[in-house]
Amino acid sequence: MKKNVTMLTLFLGMALMLHAQDAGSQDAGRQDALSIVQASRNRINALTTSTRSRMVITAKDGSTSERLIDQYSKDGPSKNKRAVIVFQQPATVAGSRFLTIENPGKNDDRWIYLPSLGKVRRIAASEGSASFMGTDFSYDDISSTSRSTDLDTHSLLKEEILNGYACYVIQSVPKDLGYQYSKMIQWIDKDSKAALKLELYDKRSTLVKVAEFSGLKDVQGRLTPMATKMTTLAEGTSTIITIDIIKYDDPIPEGVFTTVYLETGRPR
Amino acid sequence: MIKRIYASALVLAVLLLAQAAGLAAQDFGFGFDETEPAAAANNASLLPFKLKIGGEINAGLQIFVQDLKDADTAETVSALDVISGKLNFSASGEKADAHLGLNLSAASIGELWDKSASLGNPTYTPLIIDEAYLRGYLGPVDIEAGLRKLTWGRADSLGPLDVVNPLDYSDLTNITDIMAMKIARPMVHVTWGMGDFSKLEAVFIPNFAGHRFARDGRWTPSQFADIPEIAEAGILGRVNERFGAMIPPSLLPMLPGLQTQIAGELLHYFNGFSINYPNTGTINYFQSGLRYTTTIGPADIGAQYYYGNLFRPGFTIAGVDAFIDDLGMKILSSSPPIYSDPSLLSPRIEYNRYHQLGIDYAQVIACFNIRAEFAAHITEDLAGDNGAVKNPFLAWSLGFDRSLIWGITANIQCNETIRLLNGKVGDNPVQDSEAGTDATATRLTMQVSKKFFRDNLECKITNIWDVEDKDCYIIPSIAWTISDVTAELSAGVFAGEEAGELGQYWKSSFVKLGVTYKF
């Protein structure tokens, strides 16, 4: 089966590894950092992933705004990651559609359809650090589920207990100095290989964002974290993504992952 | 006739909306308003179709700075102008969509009862209709029919390939909202999906409408408002040119007085003259085009052919020499007082036919999101010496957007047209519509923006600069969005040469404050 992790639930994806059938819990402690991260990222096996999620964006003053999005992901013919996000609410962004296609070894292709423009528009990778549709997630965050483990250098910092789970604490340093973050530190549950927490550091090695995963639920035999909270520390803002519906292996037409679909919302 | 077409389009749209025939449009993913799997099942049985109603309500005021300075010429502010809105209906069946978008404002609703409005004109799209069309999905082919706005080309702001819809220039306060400026046209539009990232489009428009310009008020372009003066000056210039050889030297001393008299007669004639636009509502003015787009590696490319009419009309006067001959004969054969006969003059507005061949390209290179277009326009004046027909010309557009430091985004685009055979253009504006104009027209559009507070606050400044005209239009704005509500404070400043396309509106600089609720 193809591996597939929901794009927007990047960090959910890491957490989705809980209780994987192939998680060798007894041997995990002896694995090196790279193999732990690989095991974590490869945990979920699904042909496709479809989610309907509610995003609650909380401002510094505590005021909130909400967005409803659909997301479809499926590997391409060359095993590259592909995902489409469709904004359903609020009306200010409704009808906007976003497509990203991974190109191994090269920049991802990204397009967006905005009803106000009436056409599909390519998005530059340089916008990767920009906020994705006003959330605490950047475009890079959104696309980083497809980030190859080869792009970072991984090292095991320590082992510690987090929320009752015995975890590996692994630091990943991007080999590309131009990447948005200088390092990422994640807490991966020893037992299940699920990532429970992720810290993101800017180029000055300052902790800028923290992602936390919760609400684990068995979905079609896959233990799935139903909520992800991303906090931007300096700004005091956060975005919580709560999955209302998730379907694994639901058929998604190939035509969804095309610019033609972005225009009409109809796969051919 | 055209009313029946519009009515038919509306009826079809409303019928489809009412019937919402067919099954759910999407056989994967989630239905509309689905939040729980159980609810999804219920919705599937109760609502076997997808129906959406949306729109927006705008409330706001715009103040023209000059009106504050000069109460005598200030325009009336109507209470009804403060509020406007849009109402959109869309329904999706298994193999079809229908969309009806309505513009609701005092002007668009009032027009329906205004007997002097242009509704009887077969090419006129009523203000109230934003779009109204049906779209059928027939395997790899989509067919759209109705009043539609299309966007062709890659450029962000009106590149040369975006040729399908005319624009409404009767209010320049919303010039940055291209889709709002576009006028929906009756058309059949067919799209053939030729792969995941390739498609071939064909469009057919049975009649023609040019750009819409204000006929009176602050947004009336000087090119139209000054027609009497242009005509008078052009004809007198031609009179002087020809009389040198036509009139015996002994009669020349009477010319200055006669010129003054003729000038008065011409002005009187043209001021009372109603310019007749050609009837472009017939099939003779059809337009059609083909466009192919695809993605090759990291590049999006396209090519198109379009056969249409230039959206900007050309103004010339036929019969100038006959008018002068008649005048000369009277001078030679009659004794004063001598009167000219302006009825021999035939002013005409024409929309010239042209063929367009164009290509476009978009790619991200070194963090620059680049878009480019190039087009050749072949008119029916291949020799360049027909004053009633514009010369062939080339057009190109090159632009990019780029994230700068501190989250600032720059979007810059340059458009230029280059007239060919420029040496063949005449120098009298009544005999050659391009006389006295520059061979090139270059417009630079620069936009710098930054968002704050999770995109809730956006500060933006747009500068449209016409290089040859040496004028510009600067539009700063600040918009605050919370969920469905946006409050925006913006301004528009026209500056530069007053004879320029933008600079002529220097009295129309404005400040605008508004609130929009979208639903």
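Because the structure is predicted, anything quoted here is derived from the model rather than measured.

1. A closer look at the overall build of chain B
Each helix and strand in chain B was counted, giving 9 helices and 20 strands. Counting over 519 residues, chain B shows a buried share of 45%. Long-range pairs, those at least 24 residues apart, make up 64% of the contacts in chain B with a sequence separation of at least 6. When the accessible area of chain B is evaluated, it comes to approximately 24,400 Å², of which 62% is carbon and sulfur surface.

2. Remarks on the overall build of chain A
Counting secondary structure elements, chain A contains 5 helices and 13 strands. Residue pairs in contact within chain A that sit at least 24 positions apart in sequence constitute 51% of those at least 6 positions apart. Summed over its atoms, the accessible surface of chain A is roughly 10,000 Å², and 50% of this surface lies on carbon and sulfur atoms.

3. Remarks on the nonpolar core
Counting 28 residues, the largest nonpolar core has A:F87, A:F98, A:F132 and A:I170 as its most contacted members. When contributions to this core are tallied by element, the ones reaching two or more residues are helix 3 (33-41), strand 3 (81-89), strand 8 (165-174), strand 9 (183-189), strand 10 (195-201) and strand 11 (207-219) of chain A. The next biggest cluster of nonpolar side chains, apart from the first, holds 22 residues, and it includes B:I324, B:I338, B:L345 and B:I349.

4. Considering helix 9 (residues 320-333) of chain B
What sets the pattern is the α-helix's 3.6 residues per turn: residues three or four places apart point alike. Residue and element names in this part refer to chain B. An ideal rise of 1.5 Å per residue puts 20 Å on 14 residues; helix 9 measures up with 20 Å between its terminal C-alpha atoms. Buried within helix 9 are the following residues: V320, F323, I324, L327, G328 and I331. Looking straight down helix 9, one finds that the buried residues subtend no more than 130° of arc, so they occupy a single side. Opposite the buried face of helix 9, by more than 90 degrees, sit the exposed residues M329 and S333.

5. Structural notes on the environment of B:N386
All names here are of chain B. Checked against the element boundaries, N386 lands in the loop between strand 13 (368-379) and strand 14 (393-403). With relative accessibility at 34%, the residue N386 sits in the partly exposed group. With 186 residues separating them in the primary sequence, N386 and L200 have C-alpha atoms 35 Å apart. A distance of 3.1 Å separates a polar atom in the side chain of N386 from the backbone nitrogen of A388.

6. Comments concerning the interface of chain B and chain A
Counting residues at the interface gives 59 residues for chain B, matched by 54 residues for chain A. A buried area of about 4,100 Å², summed over both sides, lies between chain B and chain A, and 48% of it is on carbon and sulfur atoms. At the junction of chain B with chain A, the criterion picks out 5 salt bridges. Note that A:R121 and B:D401 form a salt bridge whose closest N and O atoms lie 2.5 Å from each other. Where chain B packs against chain A, one counts 15 residue pairs in polar contact (both at pLDDT 80 or more). Of the residues contributing to the side of chain B that touches chain A, the split by class is 18 nonpolar, 20 polar and 21 charged.

7. Observations regarding the packing of aromatic side chains
Aromatic ring pairs are described here by two measures, namely the spacing of the ring centres and the angle between the planes. All names here are of chain B. This structure, assessed with the given rule, holds 18 aromatic pairs over all chains. Aromatic side chains W219 and Y505 sit 5.4 Å apart centroid to centroid with 55° between the ring planes, which places their arrangement in the tilted category. With W219 in the loop between strand 7 (199-205) and helix 6 (222-225) and Y505 in the loop between strand 19 (485-496) and strand 20 (510-518), this residue pair connects regions lying 286 residues apart in the sequence. Accessibility classification places W219 together with Y505 in one group, the buried group. Here the aromatic rings of Y517 and F519 are separated by 5.9 Å at their centres, their planes lie at 25°, and the arrangement is stacked. You can call Y517 partly exposed: its relative accessible area is 38%. Three or more aromatic residues link up through ring pairs in this structure, and these residues are F64, W219, Y473, F494, Y505 and F510.

8. Points about unusual backbone geometry
All names here are of chain A. Cis geometry is found at the peptide bond from Q89 to P90, where omega equals 0°. Inspection of the secondary structure puts P90 in the loop between strand 3 and strand 4 (97-101). Its identity as a non-glycine residue notwithstanding, D249 has a phi of 65°, on the positive side. Here D249 is to be found in the loop between strand 13 (237-248) and helix 5 (259-264).

9. Some details on helix 3 of chain A
Burial in helix 3 of chain A covers these residues: A:A33, A:I36, A:V37, A:S40 and A:R41. Down the axis of helix 3 of chain A, the smallest arc covering the buried residues is 130°, so these residues share one side.

10. Considering a nonpolar patch on the surface
Residues and elements named next belong to chain B. Taken together, the side chains of I57, L61, V77, V82, I83, V485, V515, Y517 and F519 present a nonpolar region at the surface, about 730 Å² in accessible area. Listed by contribution, the elements that provide at least two residues to the nonpolar patch are strand 1 (50-64) and strand 20. On the accessibility criterion, F519 (36% relative accessible area) is partly exposed.

11. Quick notes on the confidence of the model for chain B
Residues and elements named next belong to chain B. Here chain B averages 84 in pLDDT, and 88% of its residues register 70 or above. For the stretch residues 17-24, pLDDT sits under 50, and the model shows 21 contacts to residues farther than four places along the chain or on other chains. Taken as a whole, residues 32-45 scores under 50 in pLDDT and shows 22 contacts with residues more than four places along the chain or in a different chain. ipTM for the predicted complex: 0.76, alongside a pTM of 0.82.

12. Here we look at the pairing of strand 12 (residues 353-365) of chain B
Residues and elements named next belong to chain B. Pairing of strand 9 (residues 299-309) with strand 12 involves 11 bridges; the strand directions are antiparallel. Bridging across to strand 12, A299 finds its partner in Q363. In this structure, strand 12 lies alongside strand 13, joined through 12 bridges in antiparallel fashion. Residue pairing for strand 13: Y354 is matched across the bridge by T379. Hairpin connection of strand 12 to strand 13: 2 residues between the antiparallel strands, including A366 at a positive phi of 50°.

13. Here we look at the pairing of strand 10 of chain A
Residue and element names in this part refer to chain A. For strand 10, a buried count of 7 out of 7 residues is recorded, marking the element as mostly surrounded by other parts of the structure. With 6 bridges connecting them, strand 9 and strand 10 associate as antiparallel partners. Directly across from K183, in strand 10, lies its bridge partner Y201. Between the end of strand 9 and the start of strand 10, which pair antiparallel, lie 5 residues, with K193 showing a positive phi angle near 70°. Between strand 10 and strand 11, which pair antiparallel and follow one another directly, the connecting turn spans 5 residues, one of which, S205, has a positive phi of 65°.

14. Side note on the pattern of salt bridges
Here the structure, examined in full by the defined rule, presents 34 salt bridges over all chains. When the shortest N-O distance is used, the salt bridge between B:D360 and B:R291 registers 2.7 Å. Of this pair, B:D360 sits in strand 12 while B:R291 sits in strand 8 (residues 287-296), and the two are 69 residues apart along the sequence. Note on accessibility: B:D360 and B:R291 belong to one class, buried. For B:E501, the salt bridge goes to B:R443, with nearest N and O atoms at 3.9 Å. Taken together, the residues span a long stretch of sequence, with B:E501 in the loop between strand 19 and strand 20 and B:R443 in strand 16 (residues 440-452) at a distance of 58 residues. The class for B:E501 is partly exposed, based on a relative accessible area of 26%. Counted as one network, the salt bridges with shared partners bring together A:R266, B:D97, B:E131, B:R135, B:E144 and B:R148.

What counts as what
Within every chain, residues take consecutive numbers counted from 1 along the sequence as written. All chains are assigned letters beginning with A, and all ligands numbers beginning with 1, in the order in which they are written. Local features in this predicted model are restricted to residues of pLDDT 70 or higher, and side-chain atom pairs are both shown and tallied only at a pLDDT of 80 or more, whereas totals for entire chains, interfaces and linings draw on every residue. As a convention, hydrogens and water are excluded, and side-chain values are obtained from all of the structure's heavy atoms. Per the convention used, a helix needs a DSSP run of H or I reaching at least four residues, while a strand needs a run of E reaching at least two, with both numbered from the N terminus. Residue burial is assigned from relative accessible area. The probe radius is 1.4 Å, only protein chains are included, and a residue is buried under 20% of its type maximum, exposed over 50%, and partly exposed in between. Note on definitions: a residue-residue contact is assigned when non-hydrogen atoms from the two residues lie within 4.5 Å. We get accessible surface area from the Shrake-Rupley algorithm with a probe of 1.4 Å; when it comes to residues, only the shown protein chains can shield them. We call a set of buried residues a nonpolar core when its members are Ala, Val, Leu, Ile, Met, Phe, Trp, Tyr or Cys and they connect through side-chain atoms within 4.5 Å of each other. Each helix should span, by expectation, one fewer than its residue count multiplied by 1.5 Å. Each direction from the helix axis to a C-beta atom contributes to the arc, which is the arc of those directions. Pairs of N or O atoms within 3.5 Å make up the polar contacts considered here, provided that, within protein, one atom can donate a hydrogen while the other can accept it, and that residues adjacent in sequence are counted only when both atoms are side-chain atoms. As used here, buried area is the combined drop in accessible area, with a 1.4 Å probe, of two parts when they are placed together. Each reported salt bridge corresponds to a side-chain nitrogen of Lys or Arg within 4 Å of a carboxyl oxygen of Asp or Glu. Nonpolar residues are Ala, Val, Leu, Ile, Met, Phe, Trp, Tyr, Cys and Pro. Charged residues are Asp, Glu, Lys and Arg, and all others, Gly as well, are polar. Aromatic rings from Phe, Tyr and Trp, taking only the six-membered ring of Trp, are treated as a pair when their centres fall within 6.5 Å; an angle between ring planes under 30 degrees marks them as stacked, one over 60 as edge-to-face, and anything in between as tilted. To count toward a patch, a residue needs a relative accessible area over 30% and no salt bridge; like charges are then connected within 9 Å, while nonpolar side chains (Val, Leu, Ile, Met, Phe, Trp, Tyr) are connected within 5 Å. For every residue, the pLDDT score states the predictor's confidence, bounded by 0 at the bottom and 100 at the top. At least two bridges found by DSSP between two strands are what make those strands a pair.

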